[in-house]
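Survey of secondary and tertiary structure
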Amino acid sequence: MTKNERARADALYELFYEYTDAYRSEWQRMERCERMYFGDSWRDIPQTDAKEPRPVMPIIFSTVENIKADLMDGMPEAVITADDAKHTALAERLTKAVRENHDRARYTREYAELIHDLLVCGTMIQETGCDLGDGYGAGGGFIRHVDCRSIMFDPTCTDIQDSRAVFKFTPKLREWYKAHYPKHEALMHADAADDLCMGNADTGAERILLIECWEREYDESQDIYRIHMCKLAGGQLLEDSRYIKPQGYYRHGKYPFVVTPLYAKKGSCLGLSVSDMFADRQQLADKLDQIVLKNALLSSHNKLLVTGASGFDTDDLCDWSKEVHRGDSLSGISWFSTAPLPSYLIGYIDNMRQSVKEESGANEFSRGNSTAGVTAASAISALQEMSSKRSRMALRLVHDAFCEAVEQELDAHIEFYGLTEAHKGCDCAMRPLGMSVSVKAQKQNRFSVLAHNELIIQLVKLGMLTPNVGLELMLFDSKEQALELMKKQARLGYPQVNLHG
């Protein structure tokens, strides 16, 4: 490295360790949230008796999984629309391109991990950009999940775009650097990789952090922001995008990350999670279950009290196979039974669990249960809509973040691949003005779909919609095949079915 590169690497490492000092408490919180989600609620409580039971009622796990199921039903899909009619065909092509990018990158898997981080750790982080073929085969724009424990934003900022830098890091074995950066590997020194691995198993091999440092700089002469990225490891500056693309890594000039907190914290871009909200109740519920279980175990075998004046041999009394026992006095023998717990304690435990379900939105109707008198799909759907306000609030956050991420993805995709030659009236270097991104759910829950289809059928029967339009509006599997068959029948001259009269 040159003298300037050495000084720059030292400055970035100094900033990196400033971030890590501020983030340690946050990592500890995330680790505790993950443990609470998996039912490890007893680790922080000292055990006074090795024989005492430590039951776990998976309240947080069940709550998170039910909300996660609601959010998975509302998995977003991007729809690009244009205000100007001359860009309509282009918008349709871009919609198809984004869909293909997400299918190729297995966005369903990325989305599941994002939802897990949002509910369990309190923050989901999406990375956007353009992959030229290294990671996902044919290349294209992408939206990826970033583990919120492997990235750091400026701890002094609430808006990540105001960060002095963004650090994304992952531990790599020294052998990896020998293969990818052989000229730098010999000069690399060991660092605190093991301290930042967040639960990764110790392999015994030396690991060094690979750090991506993203920097956003303001160009006063052109009144624009430029984004740059460099890679560091073991005290060495490995790559710097300034030498390859001095105009900026991405033309949009933003940090290519979208951060979404579940319950926002003042003064931070990160948030709190469901685990944070209900961790104390989870521990209290487990402690009360422990009391009840200990009482049940003590009550299952009553104690026999025998005095020396009774004349009975205790070993003889413990032999239940004998029918006759000899002694002097029955007054010296008595049974000692464990007193039952008060009934209000059992009721309190049930009420506390029910309150967690209600306050989290994971109540009976949101789980798909209903009373025996409710059987219509529209009625069940209405009850579910009223009972899942928390899930819908989280879903709106997810969809807004997805929309922002798709806009960055589109800009990166157009920057690297351009627009299609069929649209010569468009600037091939950037997205046309008046072209916006909206979001729809890829998949609706079963009762919402039934209620929607019932409404469409009723409108067709009333004559307000034609069967062709009704079929277009309905939601069901193999819909595209049904539309093609209907068009084929129309071309062959088959009569159309009149459902309304």
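Here's what I pulled together on the structure shown here. (Residues numbered from 1 in each chain as written. Predicted model: local features only at pLDDT ≥ 70, side-chain atom pairs only at ≥ 80, totals over all residues. Heavy atoms only, no water.)

Moving on: the sheet that holds strand β9 (residues 257–261). If you trace the 3 strands from one edge of the open sheet to the other, you get β3-β2-β9, paired in antiparallel fashion. Pairing within the sheet leaves two strands with one partner each, and these edge strands are β3 (140–146) and β9. Strand-to-strand twist in this sheet, taken as the mean axis angle between neighbours without regard to direction, amounts to 20°. Two strands pair when backbone bridges link them, and strand β2 (residues 123–131) and β3 are joined in this way by 7 bridges, in the antiparallel orientation. The residue of β3 that forms the bridge with Thr-128 is Ile-143. (Pairing = 2+ DSSP bridges. Helix = DSSP H or I, 4+ residues; strand = E, 2+ residues; numbered from the N terminus. Axes fitted to C-alpha atoms, helices over the stretch in contact; angles between N-to-C directions.)

The subject of this paragraph is the packing of aromatic side chains. Under the criterion given, the structure shown has 20 aromatic pairs. Between Trp-27 and Phe-169, the ring centres sit 6.1 Å apart and the planes meet at 75°, which makes this aromatic pair edge-to-face. In this pair, Trp-27 is assigned in helix α1 (residues 3–37) and Phe-169 in strand β5 (residues 166–173), connecting sequence segments 142 residues apart. Across this residue pair, the class does not change: Trp-27 and Phe-169 are buried. Linked through ring pairs, Tyr-13, Phe-16, Tyr-17, Tyr-19, Tyr-23, Trp-27, Phe-167 and Phe-169 together constitute an aromatic cluster. When the ring centre of Phe-142 is taken as reference, the NZ or CZ atom of Arg-144 above it lies at 3.8 Å. Over the ring of Tyr-225 we find Arg-216, and its NZ or CZ is 3.8 Å from the ring centre. (Phe/Tyr/Trp six-rings, centres within 6.5 Å; stacked < 30°, edge-to-face > 60°. Buried < 20%, exposed > 50% of the residue type's maximum accessible area, 1.4 Å probe, protein only. Lys NZ or Arg CZ within 6 Å of the ring centre and 35° of its normal.)

In a regular helix each residue adds 1.5 Å, so 35 residues correspond to 51 Å; α1 covers 49 Å between its end C-alpha atoms and thus fits that length. The principal kink in α1, of about 45°, is found at Tyr-23. Where α1 ends, the next residue or the one after it, Gly-39, has phi of about 90°, a positive value. (Expected span 1.5 Å × (residues − 1). Bend = angle between axes of the 7 residues up to and from the residue.)

Among the nonpolar cores identified, the biggest contains 77 residues, and Phe-153, Phe-167, Leu-232 and Phe-257 are the most heavily contacted of them. When near neighbours in sequence (up to four residues on either side) are disregarded, Leu-232 contacts Ala-9, Leu-12, Tyr-13, Leu-209, Leu-210, Ile-211, Cys-213, Leu-237 and Leu-238. If you look at the next biggest cluster of nonpolar residues, it comprises 7 residues, including Met-188, Ile-208, Leu-210 and Ala-233. (Core = buried A, V, L, I, M, F, W, Y, C linked by side-chain atoms within 4.5 Å. Contact = heavy atoms within 4.5 Å.)

On to the side chain of His-116. Counting through the fold element by element, His-116 comes out in helix α4 (residues 107–121). When its relative accessible area of 16% is taken as the criterion, His-116 is described as buried. Here Lys-68 takes part through its side chain, which lies 3.4 Å from a polar atom of the side chain of His-116. If we ignore the near neighbours within four places in the chain, the residues touching His-116 are Glu-34, Tyr-37, Lys-68 and Cys-121. (Polar contact = N/O pair within 3.5 Å; in protein donor to acceptor, adjacent residues only side chain to side chain.)

So, about the pattern of salt bridges. All told, the structure shown has 22 salt bridges when counted by the stated rule. The residue Arg-29 makes a salt bridge to Asp-276 at a minimum N-O spacing of 2.4 Å. Linking Arg-29 in helix α1 with Asp-276 in helix α8 (residues 274–299), this pair joins segments that are 247 residues apart in sequence. With relative accessibility at 13%, the residue Arg-29 sits in the buried group. Measuring nitrogen to oxygen at the nearest pair gives 3.0 Å for the salt bridge that ties Glu-206 to Arg-174. In this pair, Glu-206 sits in the loop between α6 (182–185) and β6 (207–219) while Arg-174 sits in helix α5 (residues 174–180), placing the two residues 32 residues apart along the sequence. Salt bridges sharing partners connect three or more residues here, namely Arg-8, Glu-215, Glu-217, Asp-240 and Arg-242. (Salt bridge = Lys/Arg side-chain N within 4 Å of Asp/Glu carboxyl O.)

The subject of this paragraph is the side chain of Arg-35. Counting through the fold element by element, Arg-35 comes out in helix α1. Relative accessible area serves as the criterion here: at 14%, Arg-35 is assigned to the buried category.

Moving on, we come to the sheet that holds β5. Taken together, the 5 strands give an open sheet; going across it, the order is β4-β5-β6-β7-β8, and neighbouring strands pair in antiparallel fashion. Strands at the two margins of the open sheet, each flanked by one partner only, are β4 (151–152) and β8 (236–240). As paired elements, strand β7 (residues 224–233) and β8 share 4 bridges and run antiparallel to each other. Paired with Cys-230 across the bridge in β8 is Asp-240.

If you check the backbone angles, Arg-106 has positive phi at about 55° while not being a glycine. With respect to the element layout, Arg-106 can be found in the loop between α3 (88–104) and α4. Here Asp-223, not a glycine, exhibits a phi torsion of approximately 55°, which is positive. When you line up the elements, Asp-223 lands in the loop between β6 and β7.

With that settled, consider the state of the cysteines. Applying the stated criterion across every chain yields a total of 0 disulfides. Free of any disulfide, Cys-33 has its nearest cysteine sulfur in Cys-121, 6.4 Å distant. Of the cysteine sulfurs around Cys-121, a residue in no disulfide, the closest is that of Cys-148, at 4.0 Å. The class of Cys-121 is buried, set by a relative accessible area of 1%. (Disulfide = S-S within 2.5 Å.)

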